[in-house]
Amino acid sequence: MTETIAIFGATGECGRAIAAAALDQGYRVRVMVRNKAKLPATTRRHPHLTLLRGDILSLGAIRDTVAGADYVINAVGGPVGRPNVFPVGRYAGFVRDLVGIMRETPSVRVFLHASGCLAA
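Residues numbered from 1 in each chain as written. Predicted model: local features only at pLDDT ≥ 70, side-chain atom pairs only at ≥ 80, totals over all residues. Heavy atoms only, no water.

Chemist: Just checking my understanding: could you explain the overall build of the protein chain for this structure?
Modeler: Scanning the protein chain for helices and strands turns up 4 helices and 5 strands. In the protein chain, the succession of helices and strands from N to C terminus is β-α-β-α-β-α-β-α-β. In the protein chain, which comprises 120 residues, the share counted as buried stands at 39%. Relative to all contacts within the protein chain whose residues are 6 or more apart in sequence, the contacts with residues 24 or more apart total 60%. (Helix = DSSP H or I, 4+ residues; strand = E, 2+ residues; numbered from the N terminus. Buried < 20%, exposed > 50% of the residue type's maximum accessible area, 1.4 Å probe, protein only. Contact = heavy atoms within 4.5 Å.)

Chemist: What am I meant to see in the pattern of salt bridges here?
Modeler: Under the defined criterion, the tally for this structure stands at 3 salt bridges. For Arg 63, the salt bridge identified is with Glu 104, shortest N-O distance 3.6 Å. Taken together, the positions of Arg 63 in helix H3 (residues 59-66) and Glu 104 in the loop between helix H4 (88-103) and strand S5 (110-113) put the pair 41 residues apart, joining distant regions of the chain. The exposure class assigned to Arg 63 is partly exposed, which follows from its relative accessible area of 39%. Residue Glu 104 is classed as exposed on the basis of its relative accessible area of 56%. (Salt bridge = Lys/Arg side-chain N within 4 Å of Asp/Glu carboxyl O.)

Chemist: In this structure, what is going on with H3? I would like to understand it.
Modeler: In an α-helix, one turn spans 3.6 residues, which is why side chains three or four residues apart end up on the same side. When we look at burial in H3, the residues that qualify are Ala 61, Ile 62, Thr 65 and Val 66. The buried residues of H3 occupy one face: seen down the axis, they fall within an arc of 130°. Two residues or fewer after H3 comes Gly 68, characterised by a positive phi angle close to 80°. (Arc of directions from axis to C-beta.)

Chemist: Any chance you could explain the sheet that holds strand S4 (residues 71-74) here in plain terms?
Modeler: Backbone hydrogen bonds are what pair the strands of a sheet, in a parallel or an antiparallel way. Strand order in this open sheet of 5 strands is S3-S2-S1-S4-S5, and the pairing throughout is parallel. At either margin of the open sheet sits one strand with a lone partner, and together these are strand S3 (49-53) and S5. Direction aside, neighbouring strands of the sheet carry axes that sit 15° apart on average. Helix H1 (residues 13-24) contacts strand S1 (4-8), strand S2 (28-33), S3 and S4 of the sheet and is inclined by roughly 170° relative to S1. (Pairing = 2+ DSSP bridges. Axes fitted to C-alpha atoms, helices over the stretch in contact; angles between N-to-C directions.)

Here is the structure:
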């Protein structure tokens, strides 16, 4: 059985690198993005990539991305330096919602929070 990784923030610098490495290592990867054009073409065309459109305010999109995943990685850049565009409260709400959805998803075994945006 091939393991599946759900990645949030896959169009950012870290998220792109994580997605590419996971695909190169043979994982199935599910990503939720607002703009698929921000993913490298080789990633977008990879046969083991499932691309879902959505954003962190959509519980349905978050739930669809996590569904069936063994691992969940949050690499969303967040509000550092952009408090008017991306308020900390909105990001914190996303993390809370994501954790709640993972608790309801029996397949999820590991959660990696790779975003340092709440540290500022």
